[in-house]
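Residue-level listing of the chains:
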Amino acid sequence: MEVAIVDYGAGNVQSVQFALDRLGVQKYTLTQDPDQIRKADKVIFPGQGAAAAALEKLDQLELTEVLKGLTQPILGICLGMQLFCSFSEEGNTPGLGVFPMKVQRFPQRVKQPQMGWNTIGKLDSPLFKDIPENAYMYLVHSYYVALAAETVATATYGLEYSVAIQKDNFFGVQFHPEKSGPQGQQILSNFLNL
Amino acid sequence: MLTKRIIPCLDIKDGRTVKGVNFVNLRDAGDPVELAAQYARAGADELVFLDISATEEKRKTLAQLVYQVAQVLDIPFTVGGGISAVEHVETLLHNGADKVSVNSAAFRNPELIDQIAHKFGSQCLVVAIDARQIEEEWIVHLVGGKQPTTRGLFDWAQEVAQRGAGEILFTSMDHDGTKNGFANQALAQLSELVNIPIIASGGAGKPEHFSDTFQQGSADAALAASVFHFGEIDIPELKVYLQNQQIPMRI
């Protein structure tokens, strides 16, 4: 199995690589090459920082259409998941539009960013095989994806929101599985075994 | 529900853990990698590594250490100590650190906060503030609390939040090392003033101090060093105790 980690300068790729090492994944590549991404069996799309800057980098690398057109399982992590959506309030920018939801700022009544371990529930995806309801995952974010038909797990921080989404071969998780202990590791493993 | 975090802090010098560490089952208590893994297994929510090496030469050792820690650690960790430039941050993040903590350099050059937040995002930036009370006023101190400034804690905290810090690590020099509890009044005031998470530091001695800082001090996380290193407080027991006080904990 070949795993491609999309390297576009906006993600904590080192942590994802180490997590794959711990899982014993032999073949993965850090890449921004469209062909290599297209031919991978699984694609991981990490992301950190600001949405607008990340989208700009994807455009420069001519990866926007490549990612949208993928047919193998692809996992967006954190900002990666948010970029799959139609629009982000962060920088008021359109996203890749794979999912119809908008990315919105958390209400002012809660501290921003949400930082730390929160429970995830209403788990409804093969990603969560062997993961119990209310498992703890590590999150850092100020913007969230609202609830929608594509929601496959929720968390609550000021309000209930989508902490994981899924549509066809596109999977998105707001939390960092690579930083969420053994259960996070399990979720990564579930994705790779899809 | 978002849980409150328990954060052990490890002081690092020349790539080794300093301060005696009283862990059983450790082959090498001075090895930060092994210690980090042990803390992760014990249920620490996050770790902070504070590098107290002084020279540039030694800082290279730190980058290597960060890489080794990131290889084994499956929980987030922050690295601080002497970071004064965007390039330092870049090196540490590239080697696998999740967050960096800046202190004196940010005070002397506040633009550094904007630069780091802009380039890497607020989520990876902790601004550490050391302060002590002088005539009833909380005054920011630099160089590990040795050098007083003329700036008030609350004023500086608001500025760092505006400039893009993702989190504030507040150490009360008056409480640090006393084991008499955290500076809860000042912490509560900070939480009122800024809308970013606050890590309480300085004064942990007993489990009650942790419940007090979460409940009275409104802290989002609590950091301690010696009580954990010397085994005076056991992290799994502490977390059960706090959960019994209705404080949300990851157990």
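Relevant structure appears above.
How each quantity is defined
Residues numbered from 1 in each chain as written. Chains lettered and ligands numbered in written order. Predicted model: local features only at pLDDT ≥ 70, side-chain atom pairs only at ≥ 80, totals over all residues. Heavy atoms only, no water. Helix = DSSP H or I, 4+ residues; strand = E, 2+ residues; numbered from the N terminus. Rg over C-alpha atoms; globule rule 2.2 N^0.38 Å. Buried < 20%, exposed > 50% of the residue type's maximum accessible area, 1.4 Å probe, protein only. Salt bridge = Lys/Arg side-chain N within 4 Å of Asp/Glu carboxyl O. Pairing = 2+ DSSP bridges. 1 Å grid on protein atoms, 1.4 Å probe; cavity = no way out; pocket = protein on both sides within 12 Å on 5 of 7 lines; lining within 4 Å. Points joined across faces, edges and corners; volume = space filled by probe spheres on them. Nonpolar A, V, L, I, M, F, W, Y, C, P; charged D, E, K, R; others polar. Contact = heavy atoms within 4.5 Å. Buried area = accessible area lost by both parts, 1.4 Å probe. Polar contact = N/O pair within 3.5 Å; in protein donor to acceptor, adjacent residues only side chain to side chain. Axes fitted to C-alpha atoms, helices over the stretch in contact; angles between N-to-C directions. Left-handed = near helix turned anticlockwise from the far one by under 90°.

**Student:** Help me understand the overall build of chain A, please; the structure alone is not making it clear to me.
**Tutor:** Counting secondary structure elements, chain A contains six helices and 13 strands. In terms of overall size, chain A behaves like a compact globule, its C-alpha atoms giving a radius of gyration of 15 Å where 194 residues would be expected to give roughly 16 Å. Judged by the C-alpha coordinates and their principal axes, chain A covers about 45 × 35 × 30 Å. The buried share of chain A, taken over its 194 residues, is 62%.

**Student:** I keep staring at the pattern of salt bridges and nothing clicks. Help me out?
**Tutor:** Once their charged atoms are close, side chains differing in charge can pair, the charge on each being opposite to the other. Under the counting rule described, the total for this entry stands at 21 salt bridges over all chains. Between A:Lys179 and B:Asp98 there is a salt bridge, with its nearest N and O atoms 3.0 Å apart. With A:Lys179 in the loop between β13 (170-173) and α6 (181-192) and B:Asp98 in the loop between α3 (86-94) and β5 (99-102), this pair bridges two chains. A single burial state applies to A:Lys179 and to B:Asp98, both of which are buried. Counted as one network, the salt bridges with shared partners bring together B:Glu111, B:Asp114, B:Arg151, B:Asp155, B:Glu159 and B:Arg163.

**Student:** Before we go on, may I ask you to explain the pairing of strand β7 (residues 137-142) of chain B in this structure?
**Tutor:** It is a general feature of regular strands that their side chains alternate between the two faces of the sheet. Residues and elements named next belong to chain B. A large share of β7 lies buried, amounting to five of its six residues. Here five bridges tie strand β6 (residues 125-134) to β7, and the two strands are oriented antiparallel to one another. Within the sheet, the bridge partner assigned to Arg 132 lies in β7 and is Ile 139. Once β6 ends, the chain turns through two residues before running back antiparallel as β7, passing Glu 135 with a positive phi of about 50 degrees. Pairing analysis gives three bridges linking β7 to strand β8 (residues 147-152), with the strands arranged antiparallel. Bridge pairing in β8 links Ile 139 to Gly 152. Where β7 hands over to β8, the hairpin turn is made up of four residues, of which Val 143 adopts a positive phi near 50 degrees.

**Student:** Looking at this model, I keep getting lost on the layout of surface pockets. Mind explaining?
**Tutor:** Rolled over the atoms, a probe with the dimensions of a water molecule shows which regions are left empty. Here the largest pocket is characterised by a volume of approximately 1,200 Å³. Around the largest pocket sit 49 residues that line it, and A:Gln48, A:Gly49, B:Phe120, B:Gly121 and B:Gln123 are the ones nearest its centre. Elements that contribute at least two residues to the lining of the largest pocket include exactly α1 (13-22), α3 (51-60), α5 (79-83) and β9 (135-141) of chain A together with α3 and α5 (111-120) of chain B. Among the elements that line the lining of the largest pocket, the one with the most residues is α5(B), at four residues. Looking at the lining of the largest pocket residue by residue, the class counts come to 20 nonpolar, 19 polar and 10 charged. Every residue lining the second largest pocket is counted, 43 residues in all, and those nearest its centre are B:Asp11, B:Leu50, B:Asn103, B:Asp130 and B:Gly144. With four residues, the single largest contributor to the lining of the second largest pocket is strand β3 (residues 47-51) of chain B. Of the residues that constitute the lining of the second largest pocket, the class distribution is 20 nonpolar, 15 polar and eight charged.

**Student:** Any chance you could explain the interface of chain B and chain A here in plain terms?
**Tutor:** Think of interface size as the accessible area that goes away when the parts come together; that is how it is often given. In this complex, chain B contributes 38 residues to the contact, which on the side of chain A involves 28 residues. Each partner contributes to the roughly 2,500 Å² buried at the junction of chain B and chain A, and carbon and sulfur atoms together form 52% of this total. Put simply, chain B and chain A have two salt bridges between them. Measuring nitrogen to oxygen at the nearest pair gives 2.6 Å for the salt bridge that ties B:Asp220 to A:Lys111. At the junction of chain B and chain A, the tally comes to 18 residue pairs in polar contact (both at pLDDT 80 or more). Those elements that provide at least two residues to the side of chain B that touches chain A are α2 (56-72) and α3 of chain B. Top element by residues in the side of chain B that touches chain A is α2(B). It accounts for four residues. In terms of residue class, the side of chain B that touches chain A is built from 18 nonpolar, 11 polar and nine charged.

**Student:** What should I look at first to understand unusual backbone geometry in this one?
**Tutor:** Among all residues save glycine, negative phi is the norm, and among peptide bonds the norm is trans. Cis geometry marks the peptide bond from A:Gln112 to A:Pro113; its omega dihedral reads 0 degrees. Its location among the elements puts A:Pro113 in the loop between β7 (102-105) and β8 (114-120). At B:Asp14, a position not held by glycine, the phi torsion is positive, near 50 degrees. Assignment of secondary structure puts B:Asp14 in the loop between β1 (5-13) and β2 (16-17). Owing to a relative accessible area of 35%, B:Asp14 belongs among the partly exposed residues under this scheme. A positive phi angle, near 65 degrees, is found at B:Gln246, a position not held by glycine.

**Student:** When you look at the packing of α3(B) against α5(B) in this model, what are you seeing that I'm missing?
**Tutor:** The description of two packed helices rests on the angle between their axes and on the distance between the axes. All names here are of chain B. Closest axis-to-axis distance for the α3/α5 pair is 10 Å, and the angle between their directions is 35 degrees. Along this stretch, α3 crosses α5, giving a crossing that reads as right-handed. In this structure, α3 uses Val 86, Val 89, Glu 90 and Leu 93 to contact α5, whose residues at the interface are Leu 112, Gln 115, Ile 116, Lys 119 and Phe 120. Partitioned by chemical class, the residues of the contact of α3 with α5 number six nonpolar, one polar and two charged.

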